[in-house]
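Breakdown of the fold
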Amino acid sequence: MQSNERECIARWEHAFEADPEREKEKYYLTVAYPYPSGAMHVGHGRTYIVPDVLARYQRMAGRQVLFPMAFHVTGTPVIGISKRIANGDEKTVGLYRDLYRVPQDILDRFINPMEIVRYFSEEYRRVMQKSGLSIDWRRRFITVDPPYSKFIEWQYKHLREDEHVVRGAHPVKYCPQCENPVGDHDLLEGDKAEIIRFTLVVFRWGNARVPCATLRPETIYGVTNLWVNPAVTYVRAMIDGKEWIVSSEAAAKLSLQDHAVTVTEKIPGTALVDQTVTHPLSGDVPVLPATFVDPDMGTGIVMSVPAHAPFDYIALRDLQQQGQYTSVEPIPLIAVEGYGDIPAKDAVERAGIHDQNDPGMEALTQEVYSAEFSRGKVFEKYGGKPVREARDDVAALMMERYDSVPMYDFDNRLVICRCGGRVFVKILHDQWFLEYSDPCWKEQVKTQLEEMALVPPEVRAEFIRTVDWLKDWACTRRVGLGTKLPWDPTWIIEPLSDSTIYMAYYTIAHHLKAIPPEKLTPAVFDYIFFGMGSPETVDRETLDAIRSEFLYWYPYDYRFSAKDLISNHLTFQLFHHRAIFPSYLQPKGMVVFGMGLLNGAKMSSSKGNVFLLEDALEEFGADTVRMFLVGSAEPWQDFDWRNELVSSTKRQIERFWNTVSEAMQAEGATPIDAWLASRLERRIEAATAALDSFQTRQALQEAFFGVESDLKWYRRRLPEGAGGGAVLQDLCRTWVRLLAPFIPFTCEALWSDLGESGMVSFAPWPETDESRINPGVELAEELLARTVEDIESIVKLIPMEPASISLFVAPAWKYEAFRIIAGSADKTRVMREIMQNESMRRRGREATDAAKQITKLVLKLPPDIVKQLAASPLDERAVLEGARAFLEHEFGVPVTVKDAGESNHPKAAAAMPFKPAIMIE
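Below: a short report on this structure. (Residues numbered from 1 in each chain as written. Predicted model: local features only at pLDDT ≥ 70, side-chain atom pairs only at ≥ 80, totals over all residues. Heavy atoms only, no water.)

This next bit is on the overall build of the protein chain. Per the secondary structure count, the protein chain includes 35 helices and 31 strands. Buried residues in the protein chain amount to 56% of all 921 residues. Taking contacts inside the protein chain between residues at least 6 apart in sequence as the whole, the part at least 24 apart equals 77%. Just so you have it, the protein chain exposes about 38,500 Å², and 49% of that area is on carbon and sulfur atoms. Charged side chains in the protein chain number 104 positive and 130 negative. The centres of these two groups are separated by 2 Å. (Helix = DSSP H or I, 4+ residues; strand = E, 2+ residues; numbered from the N terminus. Buried < 20%, exposed > 50% of the residue type's maximum accessible area, 1.4 Å probe, protein only. Contact = heavy atoms within 4.5 Å. Areas by Shrake-Rupley, 256 points an atom, 1.4 Å probe, with all protein chains shown as cover. Lys, Arg positive; Asp, Glu negative; His and termini not counted. Charge placed at Lys NZ, Arg CZ, Asp CG, Glu CD.)

Inspection of the secondary structure puts E748 in helix α27 (residues 744–753). For the buried E748, which has no salt bridge, the nearest side chain bearing the opposite charge is R11, at an N-O separation of 4.2 Å. In terms of polar contacts, E748 uses its side chain to reach the backbone amide nitrogen of V760, at 2.9 Å. Apart from residues no more than four positions distant in its own chain, E748 is found in contact with C8, R11, W12, M759, V760 and S761. (Salt bridge = Lys/Arg side-chain N within 4 Å of Asp/Glu carboxyl O. Polar contact = N/O pair within 3.5 Å; in protein donor to acceptor, adjacent residues only side chain to side chain.)

Bringing the sheet that holds strand β3 (residues 165–175) into the picture now. As a general point, the strands of a sheet are linked pairwise by backbone hydrogen bonds and lie either parallel or antiparallel. Taken together, 4 strands build an open sheet; the order of strands is β4-β3-β19-β21 and the sheet is antiparallel. For this open sheet the edge positions go to β4 (180–181) and β21 (473–474), each flanked by a neighbour on one side alone. Relative to β21, strand β19 (residues 424–434) runs antiparallel, the two sharing 2 bridges. Counterpart to F433 in the pairing with β21 is A474. (Pairing = 2+ DSSP bridges.)

On to the sheet that holds strand β1 (residues 26–31). What the 5 strands build is an open sheet, ordered β2-β1-β24-β25-β20; its pairing is parallel. The outermost strands of the open sheet, each flanked by one partner alone, are β2 (64–66) and β20 (453–455). Sheet twist, expressed as the mean angle between neighbouring strand axes with direction ignored, is 15°. Relative to β2, β1 runs parallel, the two being bridged by 3 bridges. Its bridge partner lying in β2, Y28 is registered against L66. In this fold helix α20 (residues 569–580) packs onto β24 (558–562) and β25 (589–593), with an angle of close to 145° to the strand it touches most, β24. (Axes fitted to C-alpha atoms, helices over the stretch in contact; angles between N-to-C directions.)

Turning to the environment of A70, a few remarks are in order. Structurally, the position occupied by A70 is in the loop between β2 and α3 (77–86). For the pair formed by A70 and T659, sequence separation is 589 residues and the distance between their alpha carbons is 39 Å.

The next thing to look at is the nonpolar core. In this structure, Y96, F110, W641, F656 and L739 are the most contacted members of the largest nonpolar core, which totals 157 residues. Within the second largest apolar cluster, 69 residues are counted, among which are A70, F141, I493 and V524. (Core = buried A, V, L, I, M, F, W, Y, C linked by side-chain atoms within 4.5 Å.)

What follows covers the pairing of β1. Among the 6 residues of β1, 6 are classified as buried, and the element is accordingly described as predominantly covered. Where burial is concerned, the two faces of β1 agree: the one with K26, Y28 and T30 and the one with Y27, L29 and V31 are both buried. What joins β1 to β2 is helix α2 (residues 42–60), and the crossover it makes is right-handed. Judged from the 3 bridges that link them, β1 and β24 form a sheet pairing that is parallel. By the bridge assignment for β24, L29 is matched with Y558. (Right-handed = clockwise from strand over helix to strand, strands pointing away.)

Moving on to the pattern of salt bridges. Counting across every chain of the model gives 60 salt bridges. One salt bridge in this structure joins E462 and R465, with 3.5 Å as the shortest N-O distance. Highlighted residues: E462 and R465, both in helix α15 (residues 459–469), separated by 3 residues, approximately one helical turn. Overall, R465 belongs to the partly exposed group, its relative accessible area being 39%.

This next bit is on the packing of aromatic side chains. Aromatic rings considered in pairs are described by the distance between their centres and by the relative angle of their planes. Under the definition given, this model contains 58 aromatic pairs. When the centroid spacing of 5.1 Å and the interplanar angle of 90° are considered together, the rings of Y148 and Y505 count as edge-to-face. Separated by 357 residues along the polypeptide, Y148 in helix α7 (residues 146–161) and Y505 in helix α16 (residues 502–506) bring together distant segments of the chain. Note on F656 and W735: the rings are 4.8 Å apart at their centroids and 80° apart in plane angle, and the pair reads as edge-to-face. Placement of the pair is F656 in helix α23 (residues 643–663) and W735 in helix α26 (residues 727–739), with a sequence separation of 79 residues. The residues F656 and W735 share a single accessibility class, namely buried. (Phe/Tyr/Trp six-rings, centres within 6.5 Å; stacked < 30°, edge-to-face > 60°.)

Turning to unusual backbone geometry, a few remarks are in order. Note the cis peptide between V455 and P456, where omega equals -5°. Within the secondary structure, P456 is located in the loop between β20 and α15. A cis amide bond links Y554 with the next residue in sequence, P555, at an omega value of 5°. Mapped onto the elements, P555 comes out in the loop between α19 (540–553) and β24. In this model, R101 sits at a positive phi of 55°, which is unusual for a non-glycine residue. As for its placement among the helices and strands, R101 is situated in the loop between α4 (90–99) and α5 (104–107). Although it is not a glycine, F914 sits at a positive phi angle of roughly 65°.

Attention shifts here to the side chain of H41. For H41, the position within the fold is in the loop between β1 and α2. Among the residues examined, H41 registers a relative accessible area of 9% and is labelled buried. Here the side chain of H41 touches G43 through a polar contact of 2.9 Å, landing on its backbone nitrogen.

This part is about the state of the cysteines. One pass over the structure, following the stated rule, counts 0 disulfides. The closest cysteine sulfur to the non-disulfide-bonded C475 is located on C417, 19 Å from its own sulfur. (Disulfide = S-S within 2.5 Å.)

Across the interface, helix α22 (residues 622–631) lies against α23 with an axial gap of 9 Å and an inter-helix angle of 115°. Here α23 runs roughly perpendicular to α22, going by the angle between their axes. Where α22 crosses over α23, the two elements pack in a sense that is right-handed. Here α22 contributes D623, T624, M627 and F628 to the contact with α23, which in turn contributes L645, V646, T649, K650, Q652 and I653. Class assignment of the residues belonging to the contact of α22 with α23 gives a composition of 5 nonpolar, 3 polar and 2 charged. (Parallel < 35°, antiparallel > 145°, perpendicular 65-115°, else oblique. Left-handed = near helix turned anticlockwise from the far one by under 90°. Nonpolar A, V, L, I, M, F, W, Y, C, P; charged D, E, K, R; others polar.)

Let us now look at the environment of G600. Counting through the fold element by element, G600 comes out in the loop between β26 (596–598) and β27 (601–602). The spatial distance from the C-alpha of G600 to the C-alpha of F639 is 8.9 Å, given a sequence separation of 39 residues.

This is the structure:
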C-alpha cells in the first residue's frame, strides 16, 4: 500500500488548489494552525484529519472547497527551546534527539530559533501530505512572513482607531527569566491557570503587619485564629515603608506587584505560633500551627474561619482532639439554607470526614463556599446583606480604613514558561491591552454567538461564560518573534493576539506573495477587505482580483479547534471579527474538538506521553490511522489511541479491499438484490445526514460498518452456490465513493481498478435514489432476520438437537390491536382504547393479555418499523413461506409456517405481530 500512498500524494500535489468558481457554492473551513516546535503526534492527526474528511465530503458534494494551512511561530516558545538546546538542557535535547528524532547536524543548528521553525514547518507539511490532507498549499505562510506582518499592522491600526487597544497597568502572567509577559501558548504547564484577585486582610502583631490573602473578606467577623506552618521560615520585610511578616515566596510575588520590598530578617514559623494578632473587625486572635499551610499560596499565612471553612473546622477539631486550643470556638456569621448554625461543621460531619487529609475535603469546601455565596446572608449584626453583596462591601471597607490591599495570584496551579522558568503575576505599566472588558464589545460578540452554528450546541454556554469573564488582555511583549506594534515598535504583538482574523488572510495569501511587502500599505488592505480608498502602491486590476477572491470565500463557514481554546483563541477571534469586519462577513460556525488520550492518559509532548503521527502512519498506513481517528469518537468527544485497536482497523480496510476486488466480476440477478439496493440507499441517506451534522463517526458507521453488515446478510440470503448479482458492482462504485473522504488512498486505487476515470476525490458524492428504496422488501427481511435471531437464541438454550421448527404467525386481530396501540398517544391508557373495540371486547382476557405483550413490543421496536406495520400489516406467512428453503438450510431441519389463529398448540398463543411464536421439536 505504501507505493499507492506515494502515487496518491504525487497526484494530489496541486489537485486541491481552490480558485473561485462563481457557478459553484463555496465551502470554506479552517483549522487552528499548528505551532511547529516539535513533531506531530496522533492527537494532532485527529485535529486535521477530521476537517479533511469534511472537506473531501463537501468537495464531492459539488461545492468549491477551501482548506488552507499555515504555521504559527509568533512568541517565545521556539526561542525558549533554542536557548535550552544551546545551554545543553538534557531533557530538551533528549526530547528532540530521541522522541522527535531530529538528525544531529540539524539539531546543532537549533541554537537559531528560525532553524526550528524551518525544520518543523516542513515536517508538518510532509506528514500532513502523508496523512492525505486535501490542503491548498499555495496559501501557506508563517506568522513572521513580512506580508503577514503588514496584515497584522493593518488590523492593529483599526483596533487602536476604534479604541479597542489601550495602554494601562494590569496584572499579567510574567516570566522573570524571559523578562516578558507570557500567554497560554508560551507555557509548558498551567496554561489554564487564571489570575485571581485576593484581598489582603492585615492583622497587627506589635509594630508588624501580618497580612492574610482571602477571597472571602466578609468572613473577617468569624476569624478565630490565624494558621502558620511551623516548618516554614517566614520573613520580616519592609514593604512600601511598613514592616510586614509573610513567607519569602509571598515577598517575591509582592515585589512584582507595585510594592517596594526589602527583606530584613528571617523568622521561623515556630516563633509565630501561640502569638496573638489583632484586627479591628475580629479583635485579638491567636496564631495556631498548621502543616497544611502552603507558603507559596497567598502570603503563607491563613486566617481561620472554622464556622464557614471546612478545612479550618477540621484542622481545629484535629488539634482539639489532641487536647490543644480547646477554648477556640467557631464563630458563625452566615445563615444558609440547608445547613445548620455552623455550616462547615454540618458539612464535615454529614460527609463523615475523618481528618484534614481526607481527599473529599476539596470538593466539600467548594460545596460550602458555593452554597454560602449563592444563597447565604450575613447575620443582621454584620449588616444582614446577601454574601455576594457583603463580600464587595467589606473588601471596600477594608481597603478604605484597615490597610487592606489587593494581591494577585494564580488559582492554585503551578505555571511554567517554555523556557523552564516559573511564571508569576506581575503588574505591568505602559503595557498595551486589548480591552475585552468593554461591555459594548462583549454584547456585540454575544449577538454574533446567537447567530452562529456551534457544534456541539452545549459549548455555547462556555463561550458566553468566557465572554462574560474576559478581562483586558496584554497583547504585546518586549521579546519574541512576531510583528512589531506599528505605533510603538518597542513592543511585539503576542501570539494569541496576532492569530485572530488570519482566516481572512488565507483567502488572499497566495496573491500577496507576488507583491513586495513594502507596497502592502494599510490602504491596500482597506481596499481588499472594505472596498474603500484608492491605494497607489498596487494597481487597481490586481486589487480588484484580490478583493473578488476574498469576497468569494468570506466569511468562513466553519472553524475547527479544540475545546480548551474556547477560553482564549476561539473567543478572541470573535471579538476581532466584530471589531474589524462588517456584519455580512462574520463567522458562520465553529466545531469544537474533544481531547486526545494515549492509552487512557492525556497526550503531552513535554511529558513524553505521545505516539508520533509519522510512526503511526509508517506502522499502520495512512488510511488505517484516518479511519481509527475518525471512527473512535465524534469530533467533540475525547478519543483514546490504543495500538491494539488500531490494528483491528487495518484488518477492516483489508476486508473492504478484498470485498470490492471480488465483487468486480459479479453479474446476473438474485431475488435478494432488491433488498441490498434498497439498504444501500438508506446508508447513503444516513451517512450524508451524519456528515452534514459533523457526526463523522456516525457517518463512518453507516458508510463502512452498515454496508458491511448489509453485505453479510445479503451473502447469507443468496441461494446456495450463488456469488451475488450485478447489484454488487453498483454497490462497490457507491461504497468506494462513500468511503473516499475517510480512506482516500485505498479508494483512489479501487476507483481506478473499477475502471473509473479521474480521481475519486472529485467524483460525485452518491445521492439517494428514492426509486430504489423498497420499504416492503426491507420490512420482510427485517422480520426474517429477527426470526432467525430468535430461533438461534432458543437453540442455544435447549439441551437437544432440533428435529423440526414450527413458526406461528399472529392472526389478523392481533395486528388490529397493534394498530390501535401504535396510534395511541398515551400507552398507559391504551387498554381502555382496546376494550372500546367490540371485536376485542368479545375476546376478553385473551385480548387484554395480548394487548400488554403488544404494548411492550411496540415500545421496544424501532419507531419507523412500528409506523410501517401500523400503516400496512405485513403478510408474515407469505414472507416466511418464501424463505422456508433458506430457513431449512440455516438450521438443517424441516420448517413449517402456520397461522396461530388456526392452531390449538399452546405455543401459538404467544405469536405477536412481527414476532412469530417458535416451537422447536
